[in-house]
Amino acid sequence: MKLPSAARKHLDTRTVLDYLEGRLDASARAKVESHLAGSCARCRRQFHETAQLLGGMRTDRVPAVPDALRSGVLGLFVIHPPVTTPEALGWQIARILFDSLAAPLPAPVRRAVGEARWLQIALADDRLELEIEVEAQSSVTIRGRLGAADPALYRIDVRSGDEALSAWPDAEGRFALEHVPRGAAVFTVQGPTVRWRLREMDL
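Each value, and the rule that gives it
- Counting from 1, residues in each chain are numbered in the order their sequence is written.
- Selection of residues for local features in this predicted model requires a pLDDT of at least 70, selection of side-chain atom pairs for listing and counting requires 80 or more, and totals for whole chains, interfaces and linings are taken over all residues.
- Computation of side-chain values: all heavy atoms of the structure, hydrogens and water removed.
- Under the scheme applied here, a residue whose accessible area is under 20% of the maximum for its type counts as buried, over 50% as exposed, and between as partly exposed, the area being computed with a 1.4 Å probe on protein chains only.
- Helix and strand assignments follow DSSP, with helices taken as H or I runs no shorter than four residues and strands as E runs no shorter than two, numbered in order from the N terminus.
- Two strands are counted as paired when DSSP detects at least two bridges linking them.
- For helices, the axis comes from a line fit to the C-alpha atoms of the stretch in contact; other axes are also lines fit to C-alpha atoms, and the angle between any two N-to-C directions lies between 0 and 180 degrees.
- Contacts are residue-level and defined by heavy atoms, with any inter-residue pair within 4.5 Å sufficient.
- In this scheme Phe, Tyr and Trp rings, the latter by its six-membered ring, pair at centre separations within 6.5 Å, and the angle between planes marks the pair as stacked below 30 degrees, edge-to-face above 60, and tilted otherwise.
- To sit over a ring, a charge needs its Lys NZ or Arg CZ within 6 Å of the ring centre and within 35 degrees of the ring normal.

J.: Break down the pairing of strand 3 (residues 117-123) for me, citing the residues and quoting the values.
T.: Burial runs high along strand 3: 5 of the 7 residues are buried. With 4 bridges connecting them, strand 2 (residues 95-99) and strand 3 associate as antiparallel partners. Across the sheet, residue aspartate 99 finds its bridge partner in strand 3, namely leucine 119. As defined by bridge partners, strand 3 adjoins strand 4 (residues 126-136) across 7 bridges and the pair is classed as antiparallel. By the bridge assignment for strand 4, isoleucine 121 is matched with leucine 128.

In structure tokens:
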């Protein structure tokens, strides 16, 4: 007896998948169903195994990752630039290179500059020069020059007694503070990436 072609030929995997996913036309679907209804146990087994595999693939979906969790994990791999705000930097101690109070100027120089006190302070590779001149029994005037790149980005602070005064150097690094109370004072210099502190001194 001559078998119909659908019964003689086994179903290939592509045909089974096309049937399960609804890509066959009515004629092709009828041929597959006729073949499966026949005596071909091999194709029925392949059909059921493929159907189970396809069903598992359809249900095996990873749930969406919450946005907050995704952002948090990705943030662990972001390279953050170093924080360079003055608040995030520790104080560095400035060093006095010269103080005319401890090493008096020669007489000819004193006659030229008067009785003002002169200091030169090292801020690593930068320099801070100060001229402290007594203006009254209880106060002094401080003039200075900051030798640093972009000196206008710095701030000079002086705390003496209960008063705190600030000055911002100009483009050439020059600044002045007037009516600074005499007594124990602390100088600080704050820049974009550094904070310097000078030990307490008497004005």
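J.: Could you give an account of the sheet that holds strand 2, with specific residues and numbers?
T.: One open sheet accounts for 5 strands, arranged 2-3-4-5-8; its pairing is antiparallel. Two strands bound the open sheet, and with one partner strand each, they are strand 2 and strand 8 (174-181). Between one strand axis and the next, the sheet turns through 25° on average, direction left out of account.

J.: Talk me through the environment of glycine 147; I want residue IDs and the actual numbers.
T.: When you line up the elements, glycine 147 lands in strand 5 (residues 139-147). Residue classification places glycine 147 among the partly exposed positions, given a relative accessible area of 26%. Here the alpha-carbon distance between glycine 147 and leucine 123, two residues 24 residues apart in the chain, equals 9.3 Å. Among all residues touching glycine 147, those that are not within four sequence positions of it are Asp126 and Arg127.

J.: Now, about the packing of aromatic side chains: what can you tell me, with residues and values included?
T.: Evaluation of the coordinates by the stated rule reveals 1 aromatic pair. A cation over a ring is seen here: arginine 29 above tyrosine 19, with NZ or CZ 4.3 Å from the ring centre. Taking NZ or CZ as reference, arginine 195 lies 3.9 Å from the ring centre of tryptophan 91, over its face.

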